[in-house]
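Summary of the model geometry
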Amino acid sequence: MGLRSLLLCSAVAASFESSLAASNSRVARDTTNGYDFVDPLIGSRNGGHVFAGATLPFGMAKAVADVTEDNQGGYASNGSPVTGFSHMHDSGTGGASSLANFPIFVYPGCKNDTVNGCVFPKSQRSVGVVEGSVSARPGYFTIGLESGIKAEITASNHTALYKFTFFDNATGDAAIDGPLSPLLIVDLTDLPNTRKNGTASVDPETGRMTGTSTFNPSFGFGTYTLHYCADFKGGSIRDTGVFINTRGGSEPKNITVQEDSNSPPLPAGTYTWFEEVQDGEELTARVGLSFISSEKACKNAEDEIPNFDFQGTLETAENIWKEKFSVIKIDTLASTNSTGAISMDDLQTIFWSGVYRAMISPQDYTGENPLWDSDEPYYDSYYCIWDSFRSIHPFITLVDPYSQSLMIRSLIDIYRHEGWLPDCRMSLCKGWTQGGSNADIVLVDSYLKNITQGIDWDTGYEALVKDAEVEPQVWDYEGRGGLYSWKNLGYIPADDFDPYGNGLFTRSVSRTVEYAYNDFCIAEIAERLGKEEDYEKYTKRSGNWVNLYKADQTSSINGVDTGFTGFLQPKYLNGTFGFQDPNYCSPLNNFDSCYLNPNGHETYEGSSWLYTFFAPHDMASLITTLGGPDTFVSRLDYLHESGLLYVGDEQGFLPIFQYHYAGRPAKSAERVHYYIPSQFNTSTAGIPGNDDSGAMGSFVALAMLGIFPNPGQDVYFLTPPFFPSVSITNGMTGKTATIKNVNFDASYENIYIQSAKLDGNNYTKNYLTHDFFLSGGSLELILGPKESTTWGTGEDDVPPSLSTKQKI
């Protein structure tokens, strides 16, 4: 780094000392609201791929700096340089990067004070990050660049707002003494470089830049078209123009690009060049977004942020987040702080940051859907429901039932206009199906928990039945495949003959058990709607999971017999079993071999060891099948302790709590306290694996509240909350449900429930139902340092199972 570059970095760093000092004043945190404990940077390193920038709850605009490496969420805390500031992102996704369309890039000046002294291609223009300059909180992100620019970001629903502060010499090169004359471009690109075509124009009088491009989705089929409108405040316009490839010019004022042989697509866009500014001067950029038109993008920006008021927009965002968090109250008792292996403040940071990430997606695109006319809400970035049904949607149902009702209406409206419920959806496009038709579970979970406001459940039920009965032509992105075999053989054969539709003929084991649970969920709602014939049919089909159970299948790891017999195995059309090593696709054996591709195997992102435990609706039958409660507990222990289970995949959530069904809820509490904080902490690498649109965030939030759900059923597994007391106020009824730990100790030795009282009455069940949260009340958990042999252990105390005829 040259002397002048060092001085520039020092200037930016000095600016950040004052802003970070203000940020650090949050150490005196408002303990009545979780806002001050949230760290959006948790999970922004080591593959977490969280979105760390500025957004509103479920907001469409998601603005942040984009970096060059591990950038699925845009920014990553890995030291890689910045290529621009873009306005839409997904959060926590694996695979390819998504969105990050139309990035702004800011040059403090150009070499030789000419437009072509600036470097336009994204692959060449990146600039380093000033160490220690990055900070974030809900609704706000800031970063310092080695080019002498401090960027601050906030957002409204459809609009990103950037404040750029400039320091010292423009170029940071001791050999060049150009003026501090900022040039801002908008680039017709996205992070994964999928642009098909695009147009852009710039107004020479105002500097307004508008444009449109068509892109590919990151995990789906089709294309989408997005529009933007960028305006500026501060400075005087020096010139405007366009650029393409490596060159720019002041004429013409618009540009069009089409798909050609270049890969990645040619850089192209528009620029606005400003007269010289003073050291410390600011420019504000406002970028409106729309899927409808550039005019709509401009209107969105003008309606939402009419005066470029950065502080006012930020305060609005902060207040919206605080309102969302306010339904949860945590009593930590100051005297308990910092007495355990991890401080109470850090535990609150883990918890509240999880709550925050669980409210980033799905994204509210209502009024921005060009595909059909509808008065219904439209949400997007269900990315993917295979992940989100397990914890994200149950969490939203619990703390924000109104938003969940809008999402359910949106899912049903997608079915109404496209013919199928999605299993995955992003950027107005159909996403790839990973297993079953798991929107079925989301709908039924909501129905059972009284999410009814404005919902057309007749059409919702119609959509569920179509998933179960009608095979689409292509079942890679909607519905289910292999339905003829499913209905007639009771399983998906590994060598299935399916002339009725087409898709990836893989995952026969995982699809079988997921289809079985999907059908059970349909049976639940059929029963409540009085559709007895459907109830009987789907209840019967829900037992199909057992058809792939091979009772004599053994399992060895590194040549050593595990001592357990009986695992799910692939089965052929003729009824004979095939073979997939039970530990294959686990962290111990070819972990990365079971993804969504033609060379995939018979389980998806997990082993037969893991999928053998997946019968969430009939755990009593599964426990019997696996040899009874003691053997079941031993096998579950082995799954957790051998390295076979990876909690960074969402299928790993439920096995943490399945001890409840064997009358051993204390074992579930032990597992929770192992995984938190061993796999979840306050660092930028503080989550295992991808956050998957908030799946890890919602898992940690629910687990720390002590009420993790069995999604698709009216069951919450009870474990002691990580705090002395937690309360949730229901947004539909206004009632507050409180869970108190008696004998709580922050060293977490007393993690075992000895007894419980619900509103003063003895309570022996080791689970709750949603009525507790709808009606409100007080649950006291009396804790101790050893497992109770009586509480939650009886046949009537465990969560219900289908085979025990306790209707769920």
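It should be emphasised that the depicted structure is a prediction, and the values quoted were computed from it without experimental measurement.

Assigned secondary structure in the protein chain consists of 18 helices and 32 strands. The C-alpha radius of gyration computed for the protein chain amounts to 27 Å, which stays within 12% of the reference 28 Å derived for 808 residues, consistent with globular compactness. Oriented by its inertia axes, the alpha-carbon framework of the protein chain measures out at about 80 × 65 × 55 Å. Across the 808 residues in the protein chain, those meeting the buried criterion constitute 64%. With the model as given, the accessible surface of the protein chain reaches about 26,800 Å², and the carbon-plus-sulfur share is 47%. Distance between charge centres in the protein chain, computed from 54 positive and 97 negative side chains, equals 2 Å.

With that settled, consider the sheet that holds strand S11 (residues 220–221). The 3 strands are arranged S11-S22-S21 in an open sheet whose pairing can be described as antiparallel. The open sheet has two free edges, formed respectively by S11 and strand S21 (425–426), since each of these has just one partner strand. Bridging between S21 and strand S22 (residues 429–431) involves 2 bridges; their strand directions are antiparallel. Residue pairing across strands places Arg-425 opposite Lys-430, the latter belonging to S22.

All right, on to the packing of aromatic side chains then. Summed over the entire model, instances satisfying the criterion amount to 49 aromatic pairs. When the ring of Trp-386 is compared with that of Tyr-604, the centres are 5.1 Å apart and the planes differ by 80°; the resulting orientation is edge-to-face. Taken together, the residues span a long stretch of sequence, with Trp-386 in helix H5 (residues 385–388) and Tyr-604 in the loop between strand S24 (560–568) and helix H13 (608–611) at a distance of 218 residues. A single burial state applies to Trp-386 and to Tyr-604, both of which are buried. Here the aromatic residues Phe-102, Phe-215, Tyr-224, Tyr-228, Phe-291, Tyr-365, Trp-372 and Tyr-378 are joined through ring pairs into a cluster of three or more. Looking at Lys-466, its charged tip hangs above the ring of Trp-420, at a distance of 4.3 Å from the centre. The lysine or arginine in question, Arg-480, covers the ring of Tyr-515, its NZ or CZ lying 5.2 Å from the ring centre.

We now examine the pattern of salt bridges. Between side chains of opposite charge, pairing is possible as soon as their charged atoms come close. One pass over the structure, following the stated rule, counts 30 salt bridges. Across the pair Asp-231 and Arg-208 runs a salt bridge whose closest N-O atoms are separated by 2.7 Å. Linking Asp-231 in strand S12 (residues 224–233) with Arg-208 in the loop between strand S9 (197–202) and strand S10 (209–215), this pair joins segments that are 23 residues apart in sequence. Classification of Asp-231 by relative accessible area gives buried; the value is 9%. Judged by relative accessible area, Arg-208 falls into the partly exposed class, the value being 23%. Residues Lys-324 and Asp-400 are paired through a salt bridge, measuring 2.5 Å at the closest nitrogen-oxygen approach. On the criterion of sequence distance, the pair formed by Lys-324 in helix H3 (residues 310–325) and Asp-400 in the loop between helix H6 (392–399) and helix H7 (401–418) is long-range, its members being 76 residues apart. Through salt bridges with shared partners, one network takes in Arg-208, Asp-231, Arg-286 and Glu-302.

With that out of the way, let us pick up the sheet that holds strand S6 (residues 149–155). Across the sheet, 9 strands lie side by side as S4-S5-S6-S7-S17-S12-S10-S9-S15; this open sheet has antiparallel pairing. Every other strand in the sheet has two partners, leaving strand S4 (135–137) and strand S15 (254–257) as the edge strands with one partner each. Geometrically, the sheet is characterised by an average inter-axis angle of 15° between neighbouring strands, direction not taken into account. Inspection of the sheet shows S12 paired to strand S17 (residues 282–290) by 7 bridges, in the antiparallel sense. If you follow Tyr-228 over to S17, its bridge partner there is Leu-289.

In this model, Glu-251 is joined to Pro-252 through a cis peptide bond whose omega is -5°. Within the secondary structure, Pro-252 sits in the loop between strand S14 (247–249) and S15. Note the cis peptide between Ile-676 and Pro-677, where omega equals 20°. Secondary-structure assignment places Pro-677 in helix H16 (residues 665–678). In this model, Asn-450 sits at a positive phi of 65°, which is unusual for a non-glycine residue.

Procedures and definitions
- Residues numbered from 1 in each chain as written.
- Predicted model: local features only at pLDDT ≥ 70, side-chain atom pairs only at ≥ 80, totals over all residues.
- Heavy atoms only, no water.
- Helix = DSSP H or I, 4+ residues; strand = E, 2+ residues; numbered from the N terminus.
- Rg over C-alpha atoms; globule rule 2.2 N^0.38 Å.
- Buried < 20%, exposed > 50% of the residue type's maximum accessible area, 1.4 Å probe, protein only.
- Areas by Shrake-Rupley, 256 points an atom, 1.4 Å probe, with all protein chains shown as cover.
- Lys, Arg positive; Asp, Glu negative; His and termini not counted.
- Charge placed at Lys NZ, Arg CZ, Asp CG, Glu CD.
- Pairing = 2+ DSSP bridges.
- Phe/Tyr/Trp six-rings, centres within 6.5 Å; stacked < 30°, edge-to-face > 60°.
- Lys NZ or Arg CZ within 6 Å of the ring centre and 35° of its normal.
- Salt bridge = Lys/Arg side-chain N within 4 Å of Asp/Glu carboxyl O.
- Axes fitted to C-alpha atoms, helices over the stretch in contact; angles between N-to-C directions.

What is shown is where atoms sit, not what they do.
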